[in-house]
Amino acid sequence: MSLRVVAVVISNDQPNYLQNCLSAIERQSYRAERVLVVDTSTSEEVSVILQDFIKASSKHAVVNVAEKADFAELAALGVKQVLTGFSNLDDVAIWLVHDDSAPESHALAELARTLELSPLVGIASPKQLAVDNSKLIVQQGLTVTRTFKPFSIVNDELDQKQHDGMSDVLAVTSNAMLIRANLWAELGGFSLSAPPLAQDVELGIRAHQAGFRVVVVPTARVKHAELSIHNKRDKHWLGGSAKYALAKATNHLRISQFPLTVAFLYWLALPFISLIQIFWLMFVKRPDRIGFTLRANLWAFFTFRARVRDRHGISHRSLSNLFASRTQVRSRARLALEIAEQKSNLSAFDGSTARVASSAQLSFAASGGLWIMFALAMLSYQFFPLGAAASGGFALPLSDSWLALFANTGASYQHVGLGLAAPSDPFNWVLLSIGSLTFFSPNLAFSFVLVSAKALAFFGAWRLLSLVSVRNGIRIVLALIYAMLPAFTLAQTQGNYPSVIFSITLPWLLFSFSRAARVGISSSVRSTEQAWSWVAASSLLLAVAFACAPSTLLLLVSMVLVFAFLARKRIKALLVVPIPLIALSAPYVIYQLMGNQQPFGVLADPTIAFANERPELINSLIGFDPIISWCLVGLIGLASFGLLSSMRAVFGLWLFALLAVANLWLVGSIAFSFGGVGSIFLEQVERVYDSATPSAMFFAVAILLALAIWLDSILHSGFRKILVLASFVLVAMPLAYLSATSSSLVSFGDSRNLPALFTAETNQGSELRMLVISSDGQTGTQRFRAELVRSAGIRLDTISTAYRLSAANNEVDYSNKEKLAKLTANLVSANGQSLTKSLKEVGVGYILVPESSGNGDVQIALNTASELDQVGTTEFGQLWRVKVTNEITTDETKALWSITKSIQLSVLVGFILLAMPTSRGRKQRVSNEFAEPEEAQ
Amino acid sequence: MVMRILKFLSVALIATGLVLFAKSSDLFDTGSQNYASYQVSAKNLQLNCTGPAIVTGGSTGTSVTGFKRAGKTSVGISYSAAKNTYLSLFGRRSIPGYSIRQDIEAKISTPEALTVKDSTGKVAQGSELLTANQLQLVKHKRINGLMASPCLRPQSEFWLVGGSTKVGREALLVLNNPSLVDATVDLEIFTENGASHSAGLTGIAVPKGKTTVLPLSSFVLRAGSLAVHVVSHGGSITALIQQKAVRGIFANGADYIAPSEVLTKDSYFPSILVRGADDTHKLRAAGAKYSDIQNMLRVYVPGEVDAKLTMQILGTTTETFGTVLQITAPAGKVSDFEIKGLADGDYLGILNSNVEVRSSIRLVRASASGDKFADFAWLNAAQPFTTTRYVAVPRSGISKLSLVNSSNKQTTVTLKLGSATITRRISANSAEVIRATPGISIGIIPNGAAIHASLLVDVSGRISVIPILDDKNISGQVEVSVH
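Bear in mind the structure is a predicted one, so any value in this text is a computation, not a measurement. (Residues numbered from 1 in each chain as written. Chains lettered and ligands numbered in written order. Predicted model: local features only at pLDDT ≥ 70, side-chain atom pairs only at ≥ 80, totals over all residues. Heavy atoms only, no water.)

### Re the overall build of chain B
Part 1 of the reasoning: Of regular secondary structure, chain B possesses two helices and 38 strands.
Part 2 of the reasoning: Here the C-alpha radius of gyration of chain B, 25 Å, is about what a compact globule of 483 residues would show, namely 23 Å.
Part 3 of the reasoning: Along the three orthogonal principal directions, the C-alpha set of chain B runs to about 100 × 60 × 50 Å.
Part 4 of the reasoning: Sorting the 483 residues of chain B into buried and exposed places 58% on the buried side.
Part 5 of the reasoning: Counting contacts in chain B only where the partners sit at least 6 residues apart, residues at least 24 apart contribute 77% of the total.
Part 6 of the reasoning: With 48 positive and 34 negative side-chain charges, chain B shows a spacing of 4 Å between the two charge centroids. (Helix = DSSP H or I, 4+ residues; strand = E, 2+ residues; numbered from the N terminus. Rg over C-alpha atoms; globule rule 2.2 N^0.38 Å. Buried < 20%, exposed > 50% of the residue type's maximum accessible area, 1.4 Å probe, protein only. Contact = heavy atoms within 4.5 Å. Lys, Arg positive; Asp, Glu negative; His and termini not counted. Charge placed at Lys NZ, Arg CZ, Asp CG, Glu CD.)

Below you can see the structure in the form of structure tokens.
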């Protein structure tokens with residue numbers, strides 16, 4: 001019996017390819033009885049080609065389809081047309097050909113021979129070769145992984161006949177597939193409800209179910225451009241991008257092929273799976289896949305019935321040997337990784353702005369960096385945490401439990417003072433991150449920040465300087481100067497955690513931005529995954545920098561714009577950089593703008609209202625000590641010589657330094673209101689100002705980078721060494737002396753900063769509040785301050801800038817404010833008025849009057865109040881307990897979550913996962929699951 | 001190269017411009033913490049008179065615990081008799097308020113309290129409502145001198161700058177607790193050697209309704225210069241130092257040291273009325289026992305920065321010429337500086353300091369002939385005030401009210417003396433001395449500029465100074481800022 005072959009060519013607006021395809025079909029040694037072209041093109045060129053095609057032979061026919069239809073529909077239509085007139089289909093086979101393919105002359109003959117030789121073979125497919133390289137196999141047989149993800153058995157491999165022994169496969173691509181007509185009729189062709197990339201797999205599985213074999217015939221060779229897979233066709237062809245089509249295909253196959261219960265559970269769990277996939281994709285540094293994966297999951301979730309229609313009750317047990325093995329999947333992933341790395345390296349070699357170092361750079365450890373870090377930690381001996389928590393100056397302890405710390409973070413109701421429905425400071429996310437390192441005792445990790453601050457800042461500065469200089473001496477000396485600058489030391493001694501953390505973060509921020517933008521003398525970015533890691537790290541550090549020092553907003557925005565310009569070729573990836581910053585800060589910023597109506601409140605430091613003087617430009621930059629000031633002036637003068645060199649970057653860095661000085665002026669021009677949580681224990685002042693340290697550190701980092709570039713460019717090594725040595729002796733050493741001898745306001749002790757009785761009661765779950773009263777001014781004209789302390793206490797994470805600035809906003813209404821003020825007025829006047837009702841209304845169970853000049857009269861007034869029992873003197877002042885505490889109830893319901901907070905946390909976790917460096921092994925494992933084998937269509 | 005030089009110059013120019021001209025000021029302000037006023041009723045105003053002079057040594061003069069009162073002391077009271085109020089006069093009788101000012105004199109033999117009871121709780125408190133002082137000319141073999149002090153509102157904290165525990169000098173700290181709550185008192189004592197770290201300075205019990213008398217020599221023996229900080233916990237108290245001098249075997253000179261005012265850089269001392277300067281000089285030359293008969297400035301400098309002081313003693317008339325001292329007082333210590341060369345006349349003192357200090361002046365008056373005596377008075381820096389204050393004038397002796405205008409502009413002061421009203425003009429940085437009518441209180445009404453005032457009382461040549469205070473409890477409009 002001789003097999004009668006009819007060919008169906010599916011054409012869609014590819015005139016050049018179509019011409020080749022039709023010519024190739026004409027050249028076949030085994031002639032097809034009929035050749036039908038199903039055309040959906042709108043191109044005139046295609047029409048001309050097809051007219052010539054029809055004229056060439058009576059066996060040729062064309063069906064034009066004006067409506068948009070997918071491949072399965074076109075194939076069904078074509079087959080139906082081409083088989084018209086055949087009474088017996090047993091000896092007929094259909095050869096489906098894509099217009100972007102060109103079968104070699106013996107391809108059909110080889111395929112037909114296979115079908116003739118083996119009646120059990122229902123479908124035969126040729127080896128698919130690259131159009132421009134006939135030695136490259138682009139595909140040879142399809143299968144699925146154990147989780148029904150489509151898998152191309154051979155993908156972009158050089159043809160060394162290593163796969164010529166291959167025969168039976170689970171499925172084959174529809175291109176150049178030869179299928180028995182009766183099998184086609186039995187199966188009904190491709191599934192119309194399956195997405196395009198699942199149709200051929202699904203057909204293959206059904207063919208097996210029908211008792212036929214599906215084979216690959218390596219001796220049959222077809223060149224295939226795979227236009228759909230390479231996104232070179234109209235997106236309607238696949239219903240979106242190739243990746244999206246593949247994700248849809250995976251979901252379809254899972255729902256249609258999994259056992260019913262599993263399929264149903266899979267469908268139910270799709271939202272949860274989506275969430276996991278997002279985090280996983282972040283972790284494996286493929287955030288670009290999140291969009292289409294989510295879309296595919298949504299598509300599957302809402303078209304469940306259509307997926308279920310393709311269920312045919314097939315048992316896959318007999319087919320399991322045709323599924324992709326673990327080894328195949330693993331080797332494919334490794335191959336994909338290597339190809340990606342090769343591409344990245346080639347790209348970096350070709351067009352990167354990065355300049356490969358001319359000489360080998362010493363690693364940080366090899367350059368003695370660890371010893372210097374140790375020395376710097378020793379220099380900060382005053383901050384060695386001899387107690388669990390730091391206090392004094394700006395410093396306050398964190399909440400004792402991680403849950404409390406978490407509750408005080410993000411955009412949920414703030415249980416501080418009078419209470420406020422406003423987002424917490426974005427800085428709380430930084431506190432949460434640090435506290436989470438020792439989640440069992442958040443204060444533990446936090447208490448080490450000050451002692452390690454200089455060491456970490458040095459490390460960061462060293463890494464940053466390594467981007468502009470390969471000379472170890474320059475890097476070490478300038479990094480040392482950065483770590484010991486007067487502005488930094490001042491923030492450290494004042495316990496100004498936001499400024500200290502900002503100063504540590506800044507060099508790392510610039511370093512990671514440089515890496516992400518591939519700026520600098522060397523780049524270690526070797527893969528897409530690494531590039532994503534740096535982008536994510538930049539994003540997180542940018543958010544940290546803004547959270548710590550909102551006053552540097554202008555500088556941060558300028559910095560991002562500069563890097564965006566430098567990395568304009570990779571601007572797409574850098575667009576994600578502001579996402580964590582926006583997610584963490586937007587609710588707070590919106591509240592300051594809309595709620596408090598304080599546009600400048602956005603720039604307020606996230607600290608207690610500790611009385612700090614207005615920053616003066618000169619002192620902020622070079623400190624107060626006259627000798628050290630002159631040393632630093634000398635250093636700045638030295639850096640200015642770089643402007644006379646040929647290094648273009650120096651001028652840019654100087655402009656940035658000047659911008660930092662301008663920002664410093666702006667910082668000194670914004671007066672913030674005093675008050676807020678914990679202010680009752682602070683010296684009363686009219687106004688407080690942002691710390692000058694962040695802007696000063698910005699200035700310093702720009703100057704030091706400019707200096708490093710210039711020093712590095714000096715060719716005369718002797719002169720260069722003299723300058724570096726002079727910088728060390730005249731600047732670094734005096735700074736070290738200053739660092740070691742500066743007196744600190746910070747002390748370490750236990751984390752309790754309220755009377756033990758109150759703390760003990762709140763630890764037992766009591767929601768009683770404590771009223772703290774303090775007097776200011778002279779007897780007779782004194783004024784009183786009152787602060788309501790809630791059970792959360794006065795902790796760094798309970799400090800709310802939104803709350804502080806809302807106190808100056810008359811528009812904000814606090815129901816208890818008036819009651820509390822009247823209660824305070826009556827208490828201090830000791831007029832004998834009954835206060836029980838007022839105390840109950842505001843939920844006050846304790847009253848504390850700090851020990852300070854002027855408060856003695858208040859203490860004595862409280863002794864006369866019959867509603868109070870004097871507890872006694874505590875280390876924080878005189879304490880009274882309200883007699884009727886058992887009758888006091890409060891509505892202190894703490895919500896750990898809010899929708900906004902969930903979004904913030906998700907973004908944060910996602911970017912942390914994206915930023916986390918992953919080992920090579922992990923990358924492979926990752927790719928096993930989610931790698932995209934380039935299954936051909 | 002030209003471009004590089006231009007870049008260099010442009011950067012240098014911008015940097016210089018920023019540093020020199022970009023001075024920060026409050027261009028943008030996020031508002032300030034709001035204080036809101038609340039009307040509250042006040043606690044009844046109570047003034048506590050410390051009672052007659054205390055004689056140590058018991059009946060034999062050798063007891064270390066026996067404190068006896070010497071006779072009775074006169075209390076001068078000025079009560080406005082505002083409507084809805086009545087004055088409880090030492091718990092013995094009540095004087096109802098019928099809107100006519102009452103000047104009363106009474107005698108007490110123990111510490112006693114005056115209370116104005118206000119049924120509405122809304123009557124404005126202060127010296128206009130009630131003021132009182134006590135005056136006693138003591139002529140006891142163990143204490144001799146004119147002793148005057150204001151009757152004080154019980155409080156929690158006092159600073160007493162004055163006194164000495166040198167040989168022949170006795171300083172008694174008199175702590176009265178008129179409240180219904182026991183008080184515990186902590187002391188800080190500063191001398192010419194700095195802070196004292198003696199045992200027993202804390203936890204001193206002053207039971208409710210009782211008086212505790214402490215010889216300061218038990219804490220700081222033979223200290224020439226004293227400043228005492230008294231802090232009460234529990235109940236409110238009054239505190240005074242009773243200082244006496246024994247010259248040879250005779251007591252000669254005594255006074256109370258009243259609480260000092262707040263820390264200030266600029267202190268004003270009215271009532272430096274110098275009389276018998278020649279006699280003082282003669283006595284001082286006569287022997288060591290009179291060596292301390294010299295007008296003297298005492299300064300306590302808290303903190304860690306030495307005070308650079310300028311003390312100007314200015315005459316109030318064209319006939320009197322003062323003196324100027326340029327001195328430095330060490331931080332953390334109490335320093336005395338003699339004010340020499342003052343002839344008889346009326347003066348005012350102005351003390352300027354670069355840091356905030358507490359100060360007082362010891363004024364001496366002596367007679368080298370007849371009834372040979374040497375008395376002294378401790379004069380605190382006077383409070384500035386711009387609202388009406390009253391002072392009760394003792395019925396005995398000569399009382400002179402000194403008024404100082406500390407402003408740079410001439411001002412006028414209205415004085416209410418019984419039904420009479422007079423206005424006096426006071427030049428800038430100058431003083432006026434007015435002789436007061438005995439037994440008739442004086443109302444001092446400044447007209448704009450802040451006034452400092454005190455009343456010097458002279459009984460038989462002995463002197464004492466009564467500060468013009470304005471005691472009031474927290475009442476009326478109380479300003480509260482809620483955080």
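Right, picking up where we left off after that structure.
### What to know about the overall build of chain A
Part 1 of the reasoning: Scanning chain A from terminus to terminus reveals 36 helices and 21 strands.
Part 2 of the reasoning: For chain A, the proportion of its 937 residues judged to be buried stands at 61%.
Part 3 of the reasoning: Sequence-distant contacts in chain A: of pairs separated by 6 or more residues, those separated by 24 or more amount to 79%.
Part 4 of the reasoning: Carbon and sulfur atoms make up 60% of the accessible area of chain A, which amounts to about 36600 Å² in all. (Areas by Shrake-Rupley, 256 points an atom, 1.4 Å probe, with all protein chains shown as cover.)

### Some thoughts on a positive patch on the surface
Part 1 of the reasoning: Residues Arg-146, Arg-326, Arg-330 and Arg-334 of chain A make up a contiguous surface patch of positive charge.
Part 2 of the reasoning: According to the relative accessible area criterion, Arg-326 of chain A is exposed, its value standing at 65%. (Patch = residues over 30% accessible without salt bridge, like charges linked within 9 Å, V, L, I, M, F, W, Y side chains within 5 Å. Salt bridge = Lys/Arg side-chain N within 4 Å of Asp/Glu carboxyl O.)

### Re the packing of helix α9 (residues 270–283) of chain A against helix α35 (residues 899–915) of chain A
All names here are of chain A.
Part 1 of the reasoning: Two elements in contact, α9 and α35, have axes whose closest approach is 6 Å; the angle formed by their N-to-C orientations is 35°. Here Phe-279, Met-282 and Phe-283 of α9 lie close against α35, whose contacting residues are Ser-906, Val-909, Gly-910, Phe-911, Leu-913 and Leu-914.
Part 2 of the reasoning: Residues that form the contact of α9 with α35 fall into these classes: seven nonpolar, two polar and no charged. (Axes fitted to C-alpha atoms, helices over the stretch in contact; angles between N-to-C directions. Nonpolar A, V, L, I, M, F, W, Y, C, P; charged D, E, K, R; others polar.)

### What about the interface of chain B and chain A?
Part 1 of the reasoning: At the interface, 49 residues of chain B touch 75 residues of chain A.
Part 2 of the reasoning: Between chain B and chain A, the buried area comes to about 5200 Å², and carbon and sulfur atoms account for 60% of it.
Part 3 of the reasoning: There are zero salt bridges connecting chain B and chain A.
Part 4 of the reasoning: The set of elements that each furnish at least two residues to the side of chain B that touches chain A consists of α1 (2–21), β1 (28–29), β2 (36–40), β19 (227–233) and β38 (476–482) of chain B.
Part 5 of the reasoning: Take the side of chain B that touches chain A: its biggest share by element is 10 residues, from α1 of chain B.
Part 6 of the reasoning: When the residues that make up the side of chain B that touches chain A are grouped by side-chain class, the tally is 21 nonpolar, 18 polar and 10 charged.
Part 7 of the reasoning: Taken together, the two bridges between strand β14 (residues 670–673) of chain A and β1 of chain B define a ladder with parallel strand orientation. Looking across to β1 of chain B, one finds that Ala-671 of chain A is bridged to Asp-29 of chain B. (Buried area = accessible area lost by both parts, 1.4 Å probe. Pairing = 2+ DSSP bridges.)

### What to know about the state of the cysteines
A covalent bond between the sulfur atoms of two cysteines is referred to as a disulfide.
All names here are of chain B.
Part 1 of the reasoning: Evaluation of the coordinates by the stated rule reveals one disulfide over all chains.
Part 2 of the reasoning: In this model, Cys-49 is linked to Cys-151 through a disulfide, with the two sulfur atoms separated by 2.0 Å. Given an S-S torsion of about 105°, the disulfide between Cys-49 and Cys-151 has right-handed geometry. Residue Cys-49 is found in strand β3 (residues 45–49), and its partner Cys-151 is found in the loop between β12 (143–150) and β13 (157–161); the two are separated by 102 residues along the sequence. One exposure class covers both Cys-49 and Cys-151, and it is buried. (Disulfide = S-S within 2.5 Å.)

### Examining the packing of aromatic side chains
Part 1 of the reasoning: On inspection of all chains with the given rule, the structure shows 30 aromatic pairs over all chains.
Part 2 of the reasoning: What links up through ring pairs into an aromatic cluster is the set Phe-364, Phe-458, Phe-459, Trp-462, Trp-508, Phe-511 and Trp-534 of chain A.
Part 3 of the reasoning: One Lys or Arg, Arg-568 of chain A, reaches over the ring of Phe-565 of chain A and ends 4.4 Å from the middle of that ring.
Part 4 of the reasoning: The side chain of Arg-462 of chain B reaches across the aromatic face of Phe-373 of chain B, ending 4.1 Å from its centre. (Phe/Tyr/Trp six-rings, centres within 6.5 Å; stacked < 30°, edge-to-face > 60°. Lys NZ or Arg CZ within 6 Å of the ring centre and 35° of its normal.)

### Things to note about the pairing of strand β9 (residues 102–108) of chain B
All names here are of chain B.
Part 1 of the reasoning: Here β9 shows one buried face, formed by Gln-102, Ile-104, Ala-106 and Ile-108, and one open face, formed by Asp-103, Glu-105 and Lys-107.
Part 2 of the reasoning: As paired elements, strand β6 (residues 73–79) and β9 share seven bridges and run antiparallel to each other. Residue pairing for β9: Ser-74 is matched across the bridge by Lys-107.

### Considering a nonpolar patch on the surface
Part 1 of the reasoning: Taken together, the side chains of Phe-384, Leu-386, Phe-439, Phe-440, Leu-444 and Phe-448 of chain A define a hydrophobic patch exposed on the protein surface, amounting to about 680 Å² of accessible area.
Part 2 of the reasoning: One can find Leu-386 of chain A in the loop between α13 (369–379) and β13 (389–391).

### Brief notes about the sheet that holds strand β30 (residues 389–391) of chain B
Residue and element names in this part refer to chain B.
Part 1 of the reasoning: A sheet is described by the order of its strands in space; here four strands give the open sequence β30-β35-β32-β33, paired in antiparallel fashion. In this open sheet, the two strands that pair with only one neighbour each are β30 and β33 (420–426). Along the sheet, successive strands turn relative to each other by an average axial angle of 25°, direction set aside.
Part 2 of the reasoning: Examined bridge by bridge, strand β32 (residues 411–417) and strand β35 (residues 442–446) share five bridges and lie antiparallel to one another.

### So, the sheet that holds strand β11 (residues 130–140) of chain B
Within a sheet, neighbouring strands are paired by backbone hydrogen bonds and run either parallel or antiparallel to one another.
All names here are of chain B.
Part 1 of the reasoning: Taken in spatial order, the four strands make up an open sheet running β9-β6-β11-β12, and their pairing is antiparallel. The sheet terminates laterally at β9 and β12, the two strands that pair on one side only. Between one strand axis and the next, the sheet turns by 15° as a mean value, whatever way the strands run.

### Some details on the environment of Gly-854 of chain A
Residues and elements named next belong to chain A.
Part 1 of the reasoning: Take Gly-854: it is sitting in the loop between β19 (844–849) and α34 (856–863).
Part 2 of the reasoning: In this structure Gly-854 comes out as partly exposed when scored by relative accessible area, which is 24%.
Part 3 of the reasoning: For the pair formed by Gly-854 and Ser-774, sequence separation is 80 residues and the distance between their alpha carbons is 8.1 Å.

### Brief notes about unusual backbone geometry
Part 1 of the reasoning: Here the phi dihedral of Ala-176 of chain A falls at roughly 60°; this positive angle occurs in a residue that is not glycine.
Part 2 of the reasoning: With respect to the element layout, Ala-176 of chain A can be found in the loop between β10 (157–158) and β11 (177–180).
Part 3 of the reasoning: Phi is positive for Asn-429 of chain B, which is not a glycine, with a value near 50°.
Part 4 of the reasoning: The exposure class of Asn-429 of chain B is partly exposed, given its relative accessible area of 28%.

### Topic: the nonpolar core
Part 1 of the reasoning: Phe-458, Ile-481, Leu-827 and Ile-847 of chain A are the most contacted members of the largest nonpolar core, which totals 212 residues.
Part 2 of the reasoning: If near-sequence neighbours (up to four positions away) are discounted, Phe-458 of chain A is found in contact with Phe-364, Gly-369, Ile-372, Met-373, Leu-376, Ile-476, Ala-479, Leu-480 and Ala-483 of chain A. (Core = buried A, V, L, I, M, F, W, Y, C linked by side-chain atoms within 4.5 Å.)

### Focus on the pattern of salt bridges
Part 1 of the reasoning: Scanning the entire structure with this criterion turns up 29 salt bridges over all chains.
Part 2 of the reasoning: The salt bridge partner of Arg-233 of chain A is Asp-100 of chain A, with a shortest N-O separation of 3.6 Å. Here Arg-233 of chain A, found in the loop between β12 (213–224) and α7 (242–257), pairs with Asp-100 of chain A, found in the loop between β4 (92–98) and β5 (101–103); they are 133 residues apart in sequence, far enough to count as distant.
Part 3 of the reasoning: In this structure, Asp-470 of chain B engages Lys-472 of chain B in a salt bridge whose closest nitrogen and oxygen atoms are separated by 3.6 Å.
Part 4 of the reasoning: We classify Lys-472 of chain B as partly exposed; its relative accessible area is 27%.
Part 5 of the reasoning: Connected through salt bridges with shared partners, the residues Glu-104, Lys-127, Asp-159, Asp-164 and Arg-221 of chain A form a single ionic network.

### Quick word on the confidence of the model for chain B
Part 1 of the reasoning: Taken over all residues, the pLDDT of chain B has a mean of 89, while the share at 70 or more is 99%.
Part 2 of the reasoning: For this predicted complex, the interface score ipTM comes out at 0.72, alongside a pTM of 0.75. (pLDDT = per-residue confidence, 0-100.)

### Some points on the environment of Leu-490 of chain A
All names here are of chain A.
Part 1 of the reasoning: Assignment of secondary structure puts Leu-490 in helix α19 (residues 486–493).
Part 2 of the reasoning: The class of Leu-490 is partly exposed, set by a relative accessible area of 39%.
Part 3 of the reasoning: In sequence terms Leu-490 and Thr-552 are 62 residues apart; their C-alpha atoms lie 18 Å from each other.

### What to know about the side chain of Asp-99 of chain A
Part 1 of the reasoning: Here Asp-99 of chain A is to be found in the loop between β4 and β5.
Part 2 of the reasoning: Beyond its immediate stretch of four places on either side in the chain, Asp-99 of chain A contacts Val-9, Ile-10, Ser-11, Asn-12, Asp-13, Gln-14, Tyr-17, Leu-18, Cys-21 and Arg-233 of chain A.

### Focus on the packing of helix α27 (residues 648–668) of chain A against helix α28 (residues 693–713) of chain A
Residue and element names in this part refer to chain A.
Part 1 of the reasoning: Where α27 contacts α28, the axes come no closer than 8 Å and their chain directions differ by 165°. Of the possible angle classes, the one that applies to α27 and α28 is roughly antiparallel. In this structure, the crossing between α27 and α28 has a hand that is left-handed. Counted together, Ala-649, Val-650, Leu-653, Trp-654, Phe-656, Ala-657, Ala-660, Val-661, Asn-663, Leu-664 and Val-667 of α27 and Ser-695, Ala-696, Phe-698, Phe-699, Ala-702, Ile-703, Leu-705, Ala-706 and Ile-709 of α28 form the full contact between these two elements.
Part 2 of the reasoning: Considered class by class, the residues forming the contact of α27 with α28 number 18 nonpolar, two polar and no charged. (Parallel < 35°, antiparallel > 145°, perpendicular 65-115°, else oblique. Left-handed = near helix turned anticlockwise from the far one by under 90°.)

### What to know about the pairing of β11 of chain B
Residues and elements named next belong to chain B.
Part 1 of the reasoning: The element β11 is extensively covered by neighbouring structure, given that eight of its 11 residues are classed as buried.
Part 2 of the reasoning: Both β6 and β11 contribute to a ladder of six bridges, which runs antiparallel. Each residue of the ladder has a partner; that of Tyr-79, found in β11, is Leu-130.
Part 3 of the reasoning: When β11 meets β12, the two strands line up antiparallel, connected through eight bridges. If you follow Lys-139 over to β12, its bridge partner there is Asn-144.

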